[in-house]
Amino acid sequence: MIDRDALVAAAHGAMMAAYAPYSGFHVGAALLFADGTVVTGSNFENASYGLSLCAETVAAARASHEGHRAGLIAVAVAGGPGGVPGAVVAPCGRCRQVLHELAALGGTDPLIIATGANETVDMRLSALLPLAFGPANLAPQVSPL
């Protein structure tokens, strides 16, 4: 069972820890695993903009580091200018791919909870990233002779 309110609250809490001095757009993400573990992340910008890290990617890397590589069942995302929610915020394309890879490790299709100030949109990751490329698309490794 997913406690949506607690997961969204965790994403909002993570949003407050964002380092976003260039865009001023704070984002937080909370990943829920089947064992009840919640792992959060916030965006971390860099003066070389392309090196910035999104909240979802930070959370996925933390989860992997902490040994959570299977059982992803839900992700909540919150964000807005200065940490104040506005329009609905959903994972960007890169984060959709990162979340797909993490979900594929456990064969799950997590619920994505994209939040805004006055609206929340729920959808499965497979709907957010149809025909995703992932581990199943790679040819098996050929062992050297």
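Think of each chain on its own: its residues are numbered from 1, step by step along the sequence as written. Totals for whole chains, interfaces and linings use every residue, but because this is a predicted model, local features are given only for residues with pLDDT of at least 70 and side-chain atom pairs only at 80 or more, for both listing and counting. In computing side-chain properties, one takes all heavy atoms of the structure into account and sets aside hydrogens as well as water.

Engineer: Explanation requested: the nonpolar core in the structure shown.
Structural biologist: As a rule of thumb, soluble globular proteins bury nonpolar side chains together. Core analysis: the biggest nonpolar cluster contains 19 residues, and Leu 31, Phe 33, Leu 72, Val 75, Leu 99, Leu 102 and Ile 112 have the highest contact counts within it. Each residue touching Phe 33, except ones within four places of it in the same chain, is listed here: Val 39, Ala 63, His 68, Ala 70, Gly 71, Leu 72, Ile 73 and Leu 102. To form a nonpolar core, buried Ala, Val, Leu, Ile, Met, Phe, Trp, Tyr and Cys residues must be joined to one another through side-chain atoms within 4.5 Å. Categorising residues by exposure relies on relative accessible area from a 1.4 Å probe, with only protein chains included: less than 20% of the type maximum marks a residue as buried, more than 50% marks it as exposed, and the intermediate range marks it as partly exposed. In this analysis, two residues are considered to be in contact whenever any of their non-hydrogen atoms come within 4.5 Å of each other.

Engineer: What am I meant to see in the sheet that holds strand E5 (residues 120–124) here?
Structural biologist: In a beta sheet, neighbouring strands pair by backbone hydrogen bonds and run either parallel or antiparallel. What makes two strands pair is DSSP finding at least two bridges between them. Counting from the N terminus, the helices are DSSP H or I runs at least four residues long and the strands are E runs at least two residues long. Read from one edge of the open sheet, five strands run E2-E1-E3-E4-E5, paired in mixed fashion. Both edges of this open sheet fall to strand E2 (38–42) and E5, since each of them pairs with a single strand only. Shown here is a sheet whose adjacent strand axes are inclined to one another by a mean of 15 degrees, direction ignored. Relative to strand E4 (residues 111–115), strand E3 (residues 72–81) runs parallel, the two being bridged by four bridges. Residue Val 75 lies in a different strand from E4, and its bridge partner there is Ile 112. Lines fitted to C-alpha atoms define the axes here, with helix axes fitted over just the stretch in contact, and angles between the N-to-C directions of these axes take values from 0 to 180 degrees. Strands strand E1 (25–33), E2, E3, E4 and E5 of the sheet are contacted by helix H1 (residues 4–15), whose axis makes an angle of about 140 degrees with E1.

Engineer: In this structure, what is going on with the pairing of E1? I would like to understand it.
Structural biologist: Look at any regular strand and the pattern is simple: side chains alternate between the two faces of the sheet. For E1, the tally of buried residues reaches eight of nine residues, placing the bulk of the element in the interior. Where E1 meets E3, nine bridges bridge the pair, whose relative direction is antiparallel. From the neighbouring strand, Ala 30 faces E3, where its bridge partner is Ala 76. By the bridge criterion, five bridges tie E1 to E2 in an arrangement that is antiparallel. Its bridge partner lying in E2, Ala 30 is registered against Thr 40. Here E1 folds back onto E2 in antiparallel fashion, the turn holding four residues, of which Gly 36 has a positive phi close to 95 degrees.

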